[in-house]
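# Geometric and topological summary
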Amino acid sequence: MREALRARLDRMRAAIRAGGDAAVLAAGLAGLVGADLAAQERTGLRPMLNLTGTVLHTNLGRAILADEAVRAAVTAMASPLALEFDLETGGRGQRDDHLRGLLVELTGAEDATIVNNNAAAVLITLNTLAQGRDAVVSRGELIEIGGAFRMPDIMARAGATLVEIGTTNRTHPKDYTGAITPRTGVILKVHTSNYRIEGFTAEVAGPELSQIARAAGVPLLNDLGAGSLVDLSHYGLRREPTVAEAVAEGADLVTFSGDKLLGGPQAGFIVGRKDLIAAINKNPLKRAVRLDKIRIAALEATLRLYRDPDRLAERLPTLRMLARPAEDVAAQAARLAPEVDALLNPHGFAASPCICASQIGSGALPVDTIPSAGLRMTGPGGDAPDRLAARLRALALPVIGHIHGGALILDLRCLEDDAMLTGALAAL
Ligand SMILES: *Cc1c(COP(=O)(O)O)cnc(C)c1O
């Protein structure tokens, strides 16, 4: 408060020295200090509108939780609960037990464990299976995911020696069999979730690779990344391998994220063979990467929604937004364009409906886009899209689009309430 007042007083004195009208400047002082304080109080974590077209935007916090999950998280935050406590016997319980049964049911795996995120899931699994040993992986799958998650670095931190096999575009069964030695701790298959190698390519599919692994007595880990629990083609999207399929193909362990296609809070799941899950749970790293009660409660509520597939797309925001038909979004764009245009005109900008392409985001189905629609915003000068983008970011409810073809595009796929956008823009 004092700092804000002092800063404004300094500026007012400077303005008076420069010839400003002291009475006028003083009259405006209180309002300016009030606005400064309000701006300071506005947290960077305030709600915003993700109209980027990327539904699972990592930099914007990925999945929006279902109402059921939000309520469960709020309850968990505000109250003690039986996190590691058995209500029947009064004895000690296991925090993972709240999720284990649901994960086993939904994936067909023998057992499951849960950690902080999928990066941690891969790290602890490699460390458990291959510390001081070899981890065999195809050169076509040595991925980097944003934020410095590089498979070779994770291997090194897990204490495993990376054994690269095959080439960038082609890896064959004999490459795997030729690399397996008594030193091999794990064969790793990585879903190349954020790029695609096309043309003259070959990879060893899951079922064949699991036979190779089984014959050699070496566990096969399949890092799925986005890891959907449902067949996305039911919702008009391209098929991604589901977790249950990866399990059925014979992977000994499968890892995937909680906040990508699954639509929950940040988490990493490891599902698969009971003996291997037990070994992971005994690893001291498990304690370092465990989940808190808030996320466990939200995950339980999220996973429960999957028991009712008919209502899933309605209740799970990630799926609801991804499954929205393009015509539906186009109708919304046509409806909103005149009102948004009228709000922009006084500021020298204009808006019109356009078609555009959404993405799932978070590395899922990287090359595929989903037909969508939005608002195309233009103004005078080459820097108009940047200027408008900056003004929309500064709103009390920030509105984030993307710049394309000399315009600022607001993809409306993730706008579920028209009034949120018009209300935000009214404050321009
Ligand atoms: C996203 C991803 C990860 C990392 O998952 P986080 O939950 O973001 O830690 C690891 N592997 C693959 C294949 C991924 O797509």
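Everything numeric in this text was worked out from a predicted model, so none of it was measured.

Conventions used here
Residues numbered from 1 in each chain as written. Predicted model: local features only at pLDDT ≥ 70, side-chain atom pairs only at ≥ 80, totals over all residues. Heavy atoms only, no water. Core = buried A, V, L, I, M, F, W, Y, C linked by side-chain atoms within 4.5 Å. Buried < 20%, exposed > 50% of the residue type's maximum accessible area, 1.4 Å probe, protein only. Domains from an automatic or database assignment. Near = heavy atom within 4 Å. Polar contact = N/O pair within 3.5 Å; in protein donor to acceptor, adjacent residues only side chain to side chain. Areas by Shrake-Rupley, 256 points an atom, 1.4 Å probe, with all protein chains shown as cover. Helix = DSSP H or I, 4+ residues; strand = E, 2+ residues; numbered from the N terminus. Nonpolar A, V, L, I, M, F, W, Y, C, P; charged D, E, K, R; others polar. Disulfide = S-S within 2.5 Å. Pairing = 2+ DSSP bridges. Right-handed = clockwise from strand over helix to strand, strands pointing away.

Side chains of a nonpolar character, in soluble globular proteins, are inclined to be buried together. In terms of nonpolar packing, the biggest core is built from 56 residues, with Leu103, Ile187, Val254, Phe256 and Val271 touching the most fellow members. There are two domains that each give this core at least three residues, and those are domain 2 (49-60 + 322-426) and domain 3 (67-315).

Taken together, the neighbourhood of the ligand is formed by 13 residues, with Ala119, Ser193, Asp223, Ser257 and Lys260 sitting nearest. In this structure, Arg62 approaches the ligand through a side-chain N or O atom, which is 3.0 Å from an oxygen atom. The separation between an oxygen atom of the ligand and a polar main-chain atom of Asn118 is 3.0 Å. Alone, the ligand offers 380 Å² of accessible surface; in the complex the protein occludes 94% of this. Elements with a contribution of two residues or more to the shell around the ligand: helix H5 (118-130) and strand E8 (220-225). Grouping the amino acids of the shell around the ligand by side-chain chemistry returns 4 nonpolar, 6 polar and 3 charged.

This part is about the state of the cysteines. Under the definition given, this model contains 0 disulfides. Not part of a disulfide, Cys354 finds its nearest cysteine sulfur in Cys356, a span of 5.0 Å. Judged by relative accessible area, Cys354 falls into the buried class, the value being 15%. Taking relative accessible area as the criterion, Cys356 reaches 17% and is therefore assigned buried.

A few words on the pairing of strand E7 (residues 184-190). Across the 7 residues that make up E7, a large majority, 7, are buried. Sheet topology places strand E3 (residues 134-138) next to E7; 4 bridges connect them, and they run parallel. Looking at the pairing, Val137 lines up with Leu188 of E7. Both E7 and E8 contribute to a ladder of 4 bridges, which runs parallel. The partner of Lys189 across the bridge, within E8, is Asn222. Handedness of the E7-helix H8 (residues 206-216)-E8 crossover: right-handed.

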